[in-house]
Amino acid sequence: MDPDDSGNDFGASGFGAFGPPHSFAESAFGAFAPPQPFGNHYTGRLRQFSRFYSAYPVAAHPGNKMDANYGGKIFLPPSALEEISQLEVVYPLMFRIKSDEDEGETGSKRRTHGGVLEFTAEEGRVYLPQWMMDTLHLQPTASVEVTNVALLQGALTKLQAQSTDFLDISDHRAVLERALRKFSALTVGDIISIEYNSHEYKLAVLETQPSPSAINIVETDLNVDFAPPVGYVEPARVGAGSQASNSTSLGDLSRPSSSIAKDVRQKEEVAKDEAASLRFQAFRGSGSRIGAKDNARPSSLRSYASASVEGEKQQDAADEDQKPVPLELPIGTLFFGYDIVPPPGSEQVNADAENDKKDGFQGEGRVLRQRRKR
């Protein structure tokens, strides 16, 4: 048993030498012994499920379970369910998956934790998500040990995205709440995979609390903290020190020390002038009249008043000239308007002259019955 999981596994190792001796049913029937009575007089012990299986990726499952790649649950054979149902284990079921290979110089076995999704695997096989295969450095048909354990309820975890693409997500909280529902446990050192918007994101588990190795996240209010993604470069900030370095001394901070600073100062002044010119100012327009001859802007209020009075007089005189003359006719006479007098040289005058040249009634007269001469 790993030192990380000491105290979390329920089994014979938890009782040590103080456990009761094996009963006849256990020695005769092995793991398929009939269940022992449970009550105040129960003197049996909690037994632990532990079996070796050949590991296969979820892609090799005959039932096309590719969605399980973005979760933390495994597929066990039906015999595992039959055996676990006869044991007094803690629910929800949690399993430690441990490889036979040593992890570097430490000599400990590579391990991770997860729940169970279905008991539909072939006998002797266990199907793992691809990220579990990568974490344990497993090849298909590699041997792994699957052991049920009890983990503490998680309170905090710290994750680190393995690419800066994770920053493109608008609502990280909603995405993680949906993705972590497919996980039962988180183990420090794992690089889990989640899917969002048809894109795969990898997250490394850097820290877990209260347990420093692994936690249970089933029906738990979990606080999530994020480390900067791998490859993320924080943008440089311009501090006060870099601005002060452009001046000659502390007393001359207001005076620029280079032509670049002068250009910047000039551009700032031009921008201020343009902003002031575009700012709204009341009564900036010049007044003008339709009938006034001089629409120039007066130089003072007095000249403006005199110009307006003169313009009114000119307008009144123009209106007097345009008034119609009254038409005086004798009683009983009707007036239908004046004859149209076209201007000389117009087309209408030429047409009238041509019509005058033509003689009227030039045709020959005919009658239906000729009169007889008497």
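Conventions used here
- Residues numbered from 1 in each chain as written.
- Predicted model: local features only at pLDDT ≥ 70, side-chain atom pairs only at ≥ 80, totals over all residues.
- Heavy atoms only, no water.
- Buried < 20%, exposed > 50% of the residue type's maximum accessible area, 1.4 Å probe, protein only.
- Helix = DSSP H or I, 4+ residues; strand = E, 2+ residues; numbered from the N terminus.
- Arc of directions from axis to C-beta.
- Pairing = 2+ DSSP bridges.
- Axes fitted to C-alpha atoms, helices over the stretch in contact; angles between N-to-C directions.
- Contact = heavy atoms within 4.5 Å.
- Patch = residues over 30% accessible without salt bridge, like charges linked within 9 Å, V, L, I, M, F, W, Y side chains within 5 Å.
- Areas by Shrake-Rupley, 256 points an atom, 1.4 Å probe, with all protein chains shown as cover.
- Salt bridge = Lys/Arg side-chain N within 4 Å of Asp/Glu carboxyl O.

> Looking at this structure, how should I read helix α5 (residues 172-179)?
A turn of α-helix holds 3.6 residues, and therefore any two residues three or four places apart point the same way. By the burial criterion, the buried members of α5 are Val-175, Leu-176 and Ala-179. Burial along α5 is one-sided: seen end-on, the buried residues are contained in an arc of 95°. Opposite the buried face of α5, by more than 90 degrees, sit the exposed residues Arg-173 and Arg-178.

> Can you help me understand unusual backbone geometry in this one?
The phi torsion of most residues other than glycine is negative, and most of the peptide bonds are trans. The peptide bond linking Tyr-91 to Pro-92 adopts the cis configuration, its omega dihedral lying at 0°. In this structure, Pro-92 sits in the loop between α3 (78-85) and β3 (94-102). Backbone torsion omega between Gln-209 and Pro-210 reads 5°, so that peptide bond is classified as cis. Backbone geometry places Asn-64, a non-glycine residue, at a positive phi of 55°.

> Teacher, can you tell me more about the sheet that holds strand β7 (residues 156-161) here?
Backbone-to-backbone hydrogen bonds pair the strands of a sheet. The strands run either parallel or antiparallel. Pairing is mixed across the open sheet formed by 4 strands, whose spatial order is β9-β10-β7-β12. Edge strands, defined here as strands with exactly one partner in the open sheet, are β9 (191-196) and β12 (223-227). Ignoring strand direction, the axes of neighbouring strands in this sheet form an average angle of 40°. When β9 meets strand β10 (residues 199-209), the two strands line up antiparallel, connected through 6 bridges. Counted as the bridge partner of Ile-192 is Leu-203 from β10. Those strands touched by α5 are β9, β10 and β12, and its axis lies near 110° from that of β9.

> How do you make sense of a nonpolar patch on the surface when you look at a structure like this?
Together, Leu-327, Leu-329 and Phe-335 make up an exposed nonpolar region whose accessible area comes to about 260 Å². As for its position among the elements, Phe-335 is in the loop between α8 (301-321) and α9 (347-357).

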